[in-house]
Amino acid sequence: MSIPWLDQEMASLRAAFEAERMPHALLIHEAPGAGGEWLAKWIARLLLKTDRDQHPDWISVHPIEDSRQIRIEQVRELAQGLALTSHQGGYKVGVISPADVLNRFAANALLKTLEEPSGRTVLILVVTQPSRLPPTILSRCQRIRIAAPERAEAVAWLEATRGQGEWQAVLDIVGEAPLLAAESDAQAVVQIGAEVRRGLEEAAAGTGDPVTTAERWARAELPLRLRCFENWLTERIRRQSESPAFLTEVGAVTYLQRPQTVLNIRQLFELLDGVRDLKSALDTPINRGLALETLLRQVKR
């Protein structure tokens, strides 16, 4: 599988590798679903001269099972593995994805590894929200920025990779995230997206029942539903930003059933922060239904 919108980054990295100028730490800042982890794996295969996604000198760190965080024990194991002599006398590669879910203790442990890198070791961090990482970590990494491709390019790639499907509708729901779309059941995503949009429109118009909606969403596919919620909000913020007058209020006439229902820009950002905070807290013992109900009530206020 190739990803054409990453060709430039791949060419630059290959040139650095061939010139023996690879930095010891890379931070891939991707738009969600734009191919950050794919690029990290490509770099690892390049450095280790392998065509597989597994190698004794390649260590990957991800949240374990249903956890939404990367913990200090995982980072310590990574550091110990990278400190060992490579099996083939070449590079040792560590990939942390998504690195923006490192908890505070794990981030502190990672900083020690970055401060004292071993020879011929490359650490790759994949993030969508680098602001969640301490500045001390960010300052020690060379950043690679991956923007989302244009919609037409994303759809063409999905059709070539997965075949014909409702890819326009899927991207409308999950955002400009082609790799996330490629891993999904397109029909199921479209159905859930329509349900979430309907629930948000009802909440904004004051015609829905936030308790019933929250309980239903909390029972199944909650991460996807929260992503739909997040995109519903960011679309309104984007429309607000593109308004010639940059008005203080957003009247979502296309979506909201009552023209008088408006959300000002500050409320939109506060609500977006709330959705993202809930996404980050899904592995903690919270009442998901109650948290969702609170957010839905804020859609109309």
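Residues numbered from 1 in each chain as written. Predicted model: local features only at pLDDT ≥ 70, side-chain atom pairs only at ≥ 80, totals over all residues. Heavy atoms only, no water.

Caption draft 1: Structural view of the overall build of the protein chain. When helices and strands are counted, the protein chain shows 13 helices and 7 strands. For 301 residues, the compact-globule estimate of 2.2 N^0.38 gives 19 Å, and the protein chain sits close to it at 21 Å. Taking the principal axes of its C-alpha atoms as reference, the protein chain extends roughly 65 × 40 × 40 Å. Per-residue burial over the protein chain gives 49% buried out of 301 residues. Long-range contacts, defined as pairs at least 24 residues apart, comprise 72% of the intrachain contacts of the protein chain with a sequence gap of at least 6. Accessible surface, the protein chain: about 15,500 Å² in total, of which carbon and sulfur atoms supply 48%. Of the side-chain charges in the protein chain, 36 are positive and 39 negative, and the distance between the mean point of each set is 3 Å. (Helix = DSSP H or I, 4+ residues; strand = E, 2+ residues; numbered from the N terminus. Rg over C-alpha atoms; globule rule 2.2 N^0.38 Å. Buried < 20%, exposed > 50% of the residue type's maximum accessible area, 1.4 Å probe, protein only. Contact = heavy atoms within 4.5 Å. Areas by Shrake-Rupley, 256 points an atom, 1.4 Å probe, with all protein chains shown as cover. Lys, Arg positive; Asp, Glu negative; His and termini not counted. Charge placed at Lys NZ, Arg CZ, Asp CG, Glu CD.)

Caption draft 2: Representation of the environment of Leu82 in the model. In this structure, Leu82 sits in helix 3 (residues 72-83). Expressed as a C-alpha distance, the spacing of Leu82 and Thr121, which sit 39 residues apart in the sequence, is 7.0 Å. Non-local contacts of Leu82, meaning those with residues more than four positions away in its chain, are made with Ile59, Lys92, Val93, Gly94, Ser118, Thr121 and Leu123.

Caption draft 3: Up close: the side chain of Asp100. Within the element layout of this structure, Asp100 appears in the loop between strand 3 (92-96) and helix 4 (104-115). Despite its burial, Asp100 remains without a salt bridge, the nearest opposite charge being carried by Arg132 at 5.9 Å. Polar contacts involving the side chain of Asp100 include one to the main-chain amide nitrogen of Thr128, which spans 2.8 Å. Setting aside chain neighbours within four positions, we find Asp100 in contact with Val126, Val127, Thr128, Gln129, Arg132 and Leu133. (Salt bridge = Lys/Arg side-chain N within 4 Å of Asp/Glu carboxyl O. Polar contact = N/O pair within 3.5 Å; in protein donor to acceptor, adjacent residues only side chain to side chain.)

Caption draft 4: Quick look at unusual backbone geometry. Cis geometry is found at the peptide bond from Ser97 to Pro98, where omega equals -5°. Phi is positive for Glu20, close to 55°, though the residue is something other than glycine. Counting through the fold element by element, Glu20 comes out in the loop between helix 1 (7-18) and strand 1 (25-30). For Glu20, a relative accessible area of 68% puts it in the exposed group.

Caption draft 5: A look at the sheet that holds strand 2 (residues 58-61). The 5 strands are arranged 2-3-4-1-5 in an open sheet whose pairing can be described as parallel. A strand with exactly one partner marks an edge of an open sheet, and here the two such strands are strand 2 and strand 5 (142-146). Looking at each pair of strands side by side, their axes are set apart by 15° on average, direction ignored. Here strand 1 pairs with strand 5 via 5 bridges, running parallel. When the bridges of strand 5 are listed, Ile28 appears paired with Ile144. Its contacts with the sheet place helix 3 against strand 2, strand 3 and strand 4 (121-127), and it is angled at close to 165° to strand 3. (Pairing = 2+ DSSP bridges. Axes fitted to C-alpha atoms, helices over the stretch in contact; angles between N-to-C directions.)

Caption draft 6: Geometry of the side chain of Glu9. Looking at where Glu9 falls in the secondary structure, it is placed in helix 1. Nearest to the buried, unbridged Glu9 among oppositely charged side chains is Arg145, at 8.8 Å. If sequence neighbours within four positions are ignored, Glu9 has contacts with Leu39, Ile144 and Arg145.

Caption draft 7: Region of interest: the packing of aromatic side chains. Summed over all chains, the structure comprises 3 aromatic pairs. Arranged with centres 6.3 Å apart and planes meeting at 50°, the rings of Phe17 and Tyr91 form a pair that is tilted. Of this pair, Phe17 sits in helix 1 while Tyr91 sits in the loop between helix 3 and strand 3, and the two are 74 residues apart along the sequence. Taking the relative accessible area as the measure of exposure, Phe17 reaches 16% and is therefore buried. Accessibility expressed as a relative area gives 9% for Tyr91, which makes it buried. Consider the rings of Trp217 and Phe229, whose centres lie 6.3 Å apart with planes at 75°: the pair is edge-to-face. Within this pair, whereas Trp217 is found in helix 10 (residues 210-219), its partner Phe229 is found in helix 11 (residues 222-242), the two being separated by 12 residues in sequence. Just above the ring of Tyr91 sits the side chain of Arg120; from NZ or CZ to the centre is 4.4 Å. Its end group placed over the ring of Trp232, Arg236 keeps NZ or CZ at 3.7 Å from the ring centre. (Phe/Tyr/Trp six-rings, centres within 6.5 Å; stacked < 30°, edge-to-face > 60°. Lys NZ or Arg CZ within 6 Å of the ring centre and 35° of its normal.)

Caption draft 8: Spotlight on the nonpolar core. Among the nonpolar cores identified, the biggest contains 72 residues, and Met22, Ile28, Leu39, Ile43, Ile124, Val174 and Phe229 are the most heavily contacted of them. Leaving out residues up to four positions away in the same chain, Phe229 has contacts with Val196, Leu200, Trp217, Leu271, Val275, Leu295, Leu296 and Val299. (Core = buried A, V, L, I, M, F, W, Y, C linked by side-chain atoms within 4.5 Å.)

Caption draft 9: Focus on the packing of helix 6 (residues 151-162) against helix 7 (residues 167-174). Their axes nearest at 10 Å, the elements helix 6 and helix 7 cross at an angle of 120°. Of the possible angle classes, the one that applies to helix 6 and helix 7 is oblique. Helix-helix and strand crossings are classified by hand; for helix 6 and helix 7 the assignment is right-handed. Contacts between helix 6 and helix 7 involve Arg151, Ala154, Val155, Leu158, Glu159 and Arg162 on the former and, on the latter, Trp167, Gln168, Leu171 and Asp172. Broken down by class, the residue content of the contact of helix 6 with helix 7 amounts to 5 nonpolar, 1 polar and 4 charged. (Parallel < 35°, antiparallel > 145°, perpendicular 65-115°, else oblique. Left-handed = near helix turned anticlockwise from the far one by under 90°. Nonpolar A, V, L, I, M, F, W, Y, C, P; charged D, E, K, R; others polar.)

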